[in-house]
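The primary structure of each chain is shown beneath.
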Amino acid sequence: MNTKTKWGHWFWGLFFLVCAAILVASKMGWFSYHLNMWTLILTLILAAATIKSIVYFSVPGTIFSLAFISMLYSKPLGITNLVPWTILGAALLLSIGLSLVLQPLKRRSHRHHQHIFVNESINGGEHFSQSTTSDYESDVTVNVRMGSAIRYVQSANFQYALINVTMGDAKVYFDKAAVIQNQANIELTGSMGDIDLYFPKEWNTQIQLNSFIVETSEVGLKPTKTGPLIVINGDFKMGDITIHYV
């Protein structure tokens, strides 16, 4: 486990522990401002959305997440007279202004990184994602941390894939892979990421994933489910998983 992974585990572990402590303290009357369950849940979701937007350099996502949080706590903040339209209007103007100011910086950053290729393994066993690569093995591993990766799986006997995404996004194409046995497994792990999986429409996909604040969707061609069974399992938190049938 590398330093970034350890930091992520510590951060989110402490984050949820603090939220639990705030909930208990509010119910015990230790705070002057009482939080109900729905307020805490919305705060947790919006806080996660804020952090994810910051990681992905999404100015509108960051601004509007903070705006909704301020609306939730407008009474203790003393800004009830600004709810909702003044806050939403200010958030819109801030989003437009900051996007225009930061857009040149984002372009320069993108040009700087798009030609950098990092080896997938270095001393110590740490793994980093490449921008684009192909796999022909039966077992495939994809690791992405604070970056993006595109992987083409072209195995003639695909059996298993481990896709670990933390604060990043991965696109994995299985449309050229062949499953000889009756079943293959794909394990998804990580948090705060986007995973796009491209499957042949014949694959019979079953999702058995443990997830938290994860949106899962299936798009593309209508699956026929006449092919091998593909089981998607693992443990993934705060992100989007999209299955594309081609």
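Everything discussed here concerns the structure shown above.
This one's a predicted model, so the numbers in the text were calculated from it and none came from an experiment. (Residues numbered from 1 in each chain as written. Predicted model: local features only at pLDDT ≥ 70, side-chain atom pairs only at ≥ 80, totals over all residues. Heavy atoms only, no water.)

Visitor: Explain the packing of aromatic side chains to me, using residue names and the numbers behind them.
Guide: All chains considered together, the criterion is met by seven aromatic pairs. With 5.2 Å between their ring centres and 55° between their planes, Phe 158 and Phe 174 make a pair best called tilted. Of this pair, Phe 158 sits in the loop between β3 (148–153) and β4 (160–166) while Phe 174 sits in the loop between β5 (169–173) and β6 (183–199), placing them 16 residues apart in sequence. Judged on exposure class, the residue Phe 158 and its partner Phe 174 are both buried. Between Tyr 173 and Tyr 198, the aromatic rings sit 4.1 Å apart at their centres with planes inclined by 10°, giving stacked as the arrangement. Note that Tyr 173 is positioned in strand β5 and Tyr 198 in strand β6, a separation of 25 residues in sequence. (Phe/Tyr/Trp six-rings, centres within 6.5 Å; stacked < 30°, edge-to-face > 60°. Helix = DSSP H or I, 4+ residues; strand = E, 2+ residues; numbered from the N terminus. Buried < 20%, exposed > 50% of the residue type's maximum accessible area, 1.4 Å probe, protein only.)

Visitor: Report on the pattern of salt bridges, specifying residues and quantitative values.
Guide: According to the stated counting rule, one finds one salt bridge in the structure shown. Of the charged contacts in the structure, one is a salt bridge between Asp 235 and Lys 237, with a shortest N-O distance of 3.1 Å. Given the relative accessible area of 37%, Asp 235 is considered partly exposed. Classification of Lys 237 as partly exposed rests on a relative accessible area of 33%. (Salt bridge = Lys/Arg side-chain N within 4 Å of Asp/Glu carboxyl O.)

Visitor: Please provide a residue-by-residue account of the nonpolar core, values included.
Guide: Formed by 29 residues in total, the largest nonpolar core has its most connected members in Phe 158, Ile 163, Phe 174, Ile 186, Leu 188, Leu 197 and Phe 199. Elements represented by at least two residues in this core include exactly β2 (139–145), β3, β4, β5, β6, β7 (204–220) and β8 (229–245). When neighbours within four sequence positions are excluded, Ile 186 is seen to be in contact with Phe 158, Ala 161, Ile 163, Phe 174, Phe 199, Ile 230, Val 231, Ile 232 and Asn 233. Of all hydrophobic cores here, the second largest spans seven residues; its members include Val 59, Ala 67, Ile 87 and Ala 91. (Core = buried A, V, L, I, M, F, W, Y, C linked by side-chain atoms within 4.5 Å. Contact = heavy atoms within 4.5 Å.)

Visitor: Tell me about the pairing of β2, residues and numbers included.
Guide: Most of β2 sits inside the fold, with five of its seven residues counted as buried. Looking at chain direction, β2 and β4 are connected through seven bridges and run parallel. Residue pairing for β4: Val 142 is matched across the bridge by Ile 163. (Pairing = 2+ DSSP bridges.)

Visitor: Could you give an account of the environment of Leu 197, naming the residues involved and the relevant values?
Guide: In this fold, Leu 197 is placed in strand β6. The sequence separation of Leu 197 and Ile 241 amounts to 44 residues, and the corresponding C-alpha distance is 7.8 Å. Leaving out residues up to four positions away in the same chain, Leu 197 has contacts with Ile 163, Val 172, Phe 174, Leu 188, Ile 232, Thr 242, Ile 243 and His 244.

Visitor: With reference to specific residues and values, describe unusual backbone geometry.
Guide: Residue Pro 84 is reached from Val 83 by a cis peptide bond, and omega for that bond is -5°. Within the fold, Pro 84 resides in the loop between α4 (74–77) and α5 (85–113).

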